[in-house]
Amino acid sequence: MRRRGDSGAQVAGDGGTTGARRTAKPGSRVRMSAAQRREQLISIGRLIFAERGFDATSIEEVAARAKVSKPVVYEHFGGKEGLYAVVVDREVRALLDRITTALTAGHPRELLEQAAMALLDYIEEETAGFRVLVRESPLMSATGNFSSVMNDVAHQVEHILGAEFKSRGYDPKLAELYSQALVGMVALTGRWWLEVRKPRKETVAAHLVNLAWNGLSHLEAKPGLITVRPR
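Keep in mind it's a predicted model, so treat the numbers as computed, not measured.

Engineer: So what's going on with the overall build of the chain? Which residues, and what values?
Structural biologist: Counting its secondary structure elements, the chain contains ten helices and zero strands. Helices and strands in the chain line up, N terminus first, as α-α-α-α-α-α-α-α-α-α. The proportion of buried residues among the 231 residues of the chain is 42%. Across the chain, contacts joining residues at least 24 apart in sequence account for 63% of those joining residues at least 6 apart. If you sum the accessible surface of the chain, you get close to 13000 Å²; carbon and sulfur atoms cover 54% of it.

Engineer: Explain the UniProt feature "DNA-binding region" (unreviewed entry) in the chain to me, using residue names and the numbers behind them.
Structural biologist: Summarizing the sequence annotation, UniProt attributes the feature "DNA-binding region" (unreviewed entry) to residues 58–77 in the numbering used throughout. Between the end C-alpha atoms of residues 58–77 there is a gap of 13 Å, over a span that is 80% helix and 0% strand.

Engineer: Talk me through the environment of A63; I want residue IDs and the actual numbers.
Structural biologist: You can see A63 is positioned in helix α3 (residues 59–66). Each C-alpha atom, one on A63 and one on I44, is 9.0 Å from the other, the two residues being 19 residues apart in sequence. Those residues in contact with A63 that sit more than four places away from it in its chain are V68, S69, K70 and V73.

Engineer: If you had to explain the nonpolar core to someone new, which residues and values would you point to?
Structural biologist: Counting 57 residues, the largest nonpolar core has L41, V73, L95, F130, F146 and M150 as its most contacted members. Those residues in contact with F130 that sit more than four places away from it in its chain are L119, Y122, I123, F146, G190, R191 and L194.

Engineer: An account of the packing of aromatic side chains is requested, with residue identities and associated values reported.
Structural biologist: Tallied over the full model, the rule gives six aromatic pairs. Here the aromatic cluster, defined as three or more aromatic residues joined through ring pairs, consists of F49, F54 and Y84. Above the face of the F54 ring, K80 is positioned so that its terminal group lies 4.4 Å from the ring centre. Sitting over the face of the ring of W193, R197 holds its NZ or CZ atom 5.3 Å from the ring centroid.

Engineer: Outline the layout of surface pockets, supporting the account with residue identities and numerical values.
Structural biologist: Considering only enclosed or pocket space, the largest pocket measures out at about 530 Å³ in volume. As for the largest pocket, its lining consists of 24 residues, and the residues nearest its centre are P108, L112, L161, L182 and W213. Breaking the lining of the largest pocket down by element, the ones donating at least two residues are α6 (108–125), α8 (146–168), α9 (175–196) and α10 (201–214). Among the elements that line the lining of the largest pocket, the one with the most residues is α8, at eight residues.

Engineer: Could you give an account of the packing of helix α5 (residues 80–102) against α8, with specific residues and numbers?
Structural biologist: Packing of α5 against α8 brings their axes to within 10 Å, and their N-to-C directions diverge by 25°. Looking at the two axes, α5 sits roughly parallel to α8. Our pair here, α5 against α8, has a crossing hand that is right-handed. Side by side, α5 and α8 meet where V92, L95, L96, I99 and T100 of the first sit next to F146, V149, M150, D152, V153 and Q156 of the second. Partitioned by chemical class, the residues of the contact of α5 with α8 number eight nonpolar, two polar and one charged.

Calculation notes
- Residues numbered from 1 in each chain as written.
- Predicted model: local features only at pLDDT ≥ 70, side-chain atom pairs only at ≥ 80, totals over all residues.
- Heavy atoms only, no water.
- Helix = DSSP H or I, 4+ residues; strand = E, 2+ residues; numbered from the N terminus.
- Buried < 20%, exposed > 50% of the residue type's maximum accessible area, 1.4 Å probe, protein only.
- Contact = heavy atoms within 4.5 Å.
- Areas by Shrake-Rupley, 256 points an atom, 1.4 Å probe, with all protein chains shown as cover.
- UniProt positions renumbered as here; feature names shortened; annotations may be inferred.
- Core = buried A, V, L, I, M, F, W, Y, C linked by side-chain atoms within 4.5 Å.
- Phe/Tyr/Trp six-rings, centres within 6.5 Å; stacked < 30°, edge-to-face > 60°.
- Lys NZ or Arg CZ within 6 Å of the ring centre and 35° of its normal.
- 1 Å grid on protein atoms, 1.4 Å probe; cavity = no way out; pocket = protein on both sides within 12 Å on 5 of 7 lines; lining within 4 Å.
- Points joined across faces, edges and corners; volume = space filled by probe spheres on them.
- Axes fitted to C-alpha atoms, helices over the stretch in contact; angles between N-to-C directions.
- Parallel < 35°, antiparallel > 145°, perpendicular 65-115°, else oblique.
- Left-handed = near helix turned anticlockwise from the far one by under 90°.
- Nonpolar A, V, L, I, M, F, W, Y, C, P; charged D, E, K, R; others polar.

This is the structure we're talking about:
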């Protein structure tokens with residue numbers, strides 16, 4: 001079934017049939033499937049939102065980079081808001097999956113190290129996705145941005161801290177306050193490191209844990225990570 005407005009696409013290596021690829025001549029056009037076109041538009045939208053932010057991104061530019069007409073983008077996502085929502089939702093899930101998967105240790109200090117490294121790994125490996133999350137977003141995505149992701153992470157940390165506080169005789173009601181403080185510290189440092197990229201991420205994580213675990217009055221001069229082997 002042909003999709004409206006998609007016939008002008010000219011993209012190498014898409015999902016045409018083997019026969020079509022064998023007989024295609026230089027300059028001939030090979031059509032994408034609807035699923036392939038959607039993934040292409042999401043990938044392009046992700047990059048442009050990362051570069052320009054939501055407000056400065058236009059459907060015209062997305063369509064131009066994909067070499068399709070504007071109606072093709074509207075057909076898949078209904079508009080810029082729809083495309084943005086899909087991009088943000090994927091990044092939210094990707095970041096949360098990384099952090100959740102990383103939290104495997106039993107000791108609170110090791111858990112803090114793992115969470116910090118998971119966030120810094122994501123920033124390093126998925127820079128465009130992280131930029132999308134930390135840029136200002138429209139009101140419609142208030143539940144799908146960096147703040148909401150960090151809030152979800154803080155709730156996970158809250159459960160860990162609550163159990164730890166209870167076992168040590170501290171007020172477990174304070175776990176929420178401490179979880180927000182710890183996650184906020186790591187998140188803001190991650191935004192800073194996004195631009196400077198030094199020192200290396202293991203060093204950044206070690207100093208974050210040093211401050212969080214030891215406090216200002218007991219800082220280690222040369223902190224290291226328990227869960228990461230030195231290079």
